[in-house]
Amino acid sequence: MLAKLNYLYGKPTTTGQYKQQYEDFMVTEDLGFDLTGDGEHVLVFLQKRDCNTIFVAEQLAKYVGISAKLVSYAGLKDRQAITQQWFSLHMPGQKTPDFSAFNLAGCQILKVTRHNKKLKIGALKGNYFKITLRNLNAQSEIESKLALIKQHGVPNYFGEQRFGRGENNIIQAIKWASGEISVKDRKKRSFYLSAARSAIFNDIVSQRIAQNLHQIVLDGDILQLAQRGSWFVAQEDELDLLQQRLENGEINITAPMVGDSPLGTRFKTLDFEQKCLEGWSEFIDLFKKERVETARRSILLRAEQLNWQWLDDSTLEIDFYLPSGCYATSVIRELIMENE
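A brief structural summary.

Moving on, we come to empty space enclosed by the protein. The gaps of empty space that remain are located by a probe, the size of a water molecule, rolled over the atoms. Evaluation of the coordinates by the stated rule reveals 1 cavity of 30 Å³ or more. A volume near 30 Å³ is recorded for the largest cavity. Lining the largest cavity are I204, V205, R208, T254, A255, F272, E273 and I299. Those elements giving two or more residues to the lining of the largest cavity turn out to be α4 (186-210), β11 (251-257) and α6 (267-276). Residue contributions to the lining of the largest cavity peak at 3 residues, all from α4.

Right, let's talk about the sheet that holds β11 for a bit. Within the open sheet, the 4 strands sit side by side as β10-β9-β11-β12. Their pairing is antiparallel. Two strands in the sheet have a free side with no partner beyond their single neighbour: β10 (231-233) and β12 (295-298). On average, each strand axis in the sheet is inclined to that of its neighbour by 45 degrees, with strand direction left out of account. Relative to β11, helix α5 (residues 239-247) is tilted by about 95 degrees, and along the sheet it contacts β9 (222-225), β10 and β11.

Turning our attention to helix α7 (residues 281-290). Regarding α7, the residues found buried are F283, I284, L286 and F287. Taken around the axis of α7, the buried residues stretch over an arc of 160 degrees, which confines them to a single face. Looking at α7, the residues exposed on the side facing more than 90 degrees away from the buried face are D285 and K289. Tucked inside the fold, the buried residues of α7 contact α3 (168-177) and α4. Immediately downstream of α7, the backbone of R291 shows phi near 55 degrees, a positive value.

This part takes up the packing of helix α2 (residues 140-152) against helix α8 (residues 328-335). The geometry of α2 relative to α8 is characterised by a closest axis approach of 9 Å and an angle of 135 degrees between their N-to-C directions. Judged by the angle between their axes, α2 and α8 are oblique. Mapping the contact onto sequence places E141, I142, K145, L146 and I149 in α2 and V331, E334 and L335 in α8. Along the lines of polarity and charge, the residues of the contact of α2 with α8 split into 5 nonpolar, no polar and 3 charged.

In this section: the packing of aromatic side chains. Considering all chains together, one arrives at 12 aromatic pairs under this definition. On the basis of an interplanar angle of 65 degrees and a centroid distance of 6.0 Å, the ring pair of F158 and Y327 is categorised as edge-to-face. Here the residue F158 occupies a position in the loop between β8 (154-155) and α3, and Y327 occupies one in the loop between β15 (315-323) and α8, the gap between them amounting to 169 residues. On the accessibility criterion, Y327 (13% relative accessible area) is buried. Directly above the ring of F25 sits K19, whose terminal nitrogen or CZ lies 4.6 Å from the centroid.

In this model, the second largest pocket occupies a volume close to 200 Å³. In terms of lining residues, the second largest pocket is bounded by 14 residues, among which H152, Q215, L246, E247 and R302 are the most central. Of all the secondary-structure elements, those providing two or more residues to the lining of the second largest pocket are α2, α5 and β11.

Conventions adopted
- Residues numbered from 1 in each chain as written.
- Predicted model: local features only at pLDDT ≥ 70, side-chain atom pairs only at ≥ 80, totals over all residues.
- Heavy atoms only, no water.
- 1 Å grid on protein atoms, 1.4 Å probe; cavity = no way out; pocket = protein on both sides within 12 Å on 5 of 7 lines; lining within 4 Å.
- Points joined across faces, edges and corners; volume = space filled by probe spheres on them.
- Helix = DSSP H or I, 4+ residues; strand = E, 2+ residues; numbered from the N terminus.
- Pairing = 2+ DSSP bridges.
- Axes fitted to C-alpha atoms, helices over the stretch in contact; angles between N-to-C directions.
- Contact = heavy atoms within 4.5 Å.
- Buried < 20%, exposed > 50% of the residue type's maximum accessible area, 1.4 Å probe, protein only.
- Arc of directions from axis to C-beta.
- Parallel < 35°, antiparallel > 145°, perpendicular 65-115°, else oblique.
- Nonpolar A, V, L, I, M, F, W, Y, C, P; charged D, E, K, R; others polar.
- Phe/Tyr/Trp six-rings, centres within 6.5 Å; stacked < 30°, edge-to-face > 60°.
- Lys NZ or Arg CZ within 6 Å of the ring centre and 35° of its normal.

Here is the structure:
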């Protein structure tokens with residue numbers, strides 16, 4: 001599915017590998033807010049290697065003697081990586097546990113404090129990434145593309161994690177939408193709906209890139225203020241000014257996370273998006289049935305604080321920061337074709 005999506009700077013000819021070692025993919029979570037130091041929730045900042053986020057949460061619960069349902073986190077992190085993230089343990093009226101005897105292979109507790117609120121999924125500002133690409137067969141193409149990425153960004157595609165192993169989430173969503181299966185489990189329903197909406201978003205962004213409309217403000221576009229969630233509809237008499245603001249990085253063009261409510265776009269953009277949706281009718285019917293709310297997401301992603309250095313002629317280390325909900329693989333995809 002991802003292989004069919006258009007590239008912003010052309011399909012890479014450079015081949016290479018990533019995630020050859022756990023150290024090749026390092027992620028540090030940024031909550032984006034200060035912790036209170038007191039409250040009902042014990043917060044544990046933990047570094048994990050080759051560990052599943054849910055498994056670690058279960059082991060923390062077991063260690064302190066509470067239900068796994070009382071442990072939460074802001075987001076799932078890759079297993080095949082070294083990641084640092086916060087876990088929230090709901091322990092009202094109980095002392096902060098001594099974690100010195102906590103022993104889980106691949107895990108190290110870095111900090112423990114308390115907070116007055118539960119950590120919820122998505123309750124983070126973003127993530128810092130340090131990624132190493134190995135066995136690269138060329139430097140010049142990567143250097144030129146990194147310069148373009150730093151200036152213009154990359155497509156804000158949802159990565160393969162969104163669609164499950166072997167794209168199972170989207171496969172099950174198709175079966176559900178066609179009536180082949182029924183889905184009663186609430187978590188599975190959420191996964192399948194998210195996968196379907198993400199696939200449609202990716203397709204719309206890809207088609208916009210194909211028509212060279214990814215950096216052109218259209219009459220009726222829904223635009224989002226950079227670094228903020230507020231948005232507005234582009235008006236024809238403001239297009240020149242809005243185009244300048246887009247090029248200055250002040251605003252972003254958005255595409256829909258489709259639901260059962262109107263797209264919100266108008267005129268040229270509405271026509272374009274409706275045409276894109278013609279091949280997704282079964283999912284549209286499912287979204288209406290499930291009463292999923294329509295949302296918007298920026299079509300391009302800017303990797304903040306982007307820096308890189310060559311460790312040798314074929315090994316590149318890249319550092320950058322991405323807002324919550326964005327995928328580092330969208331950056332890597334523009335740079336290399338992964339070889340075996």
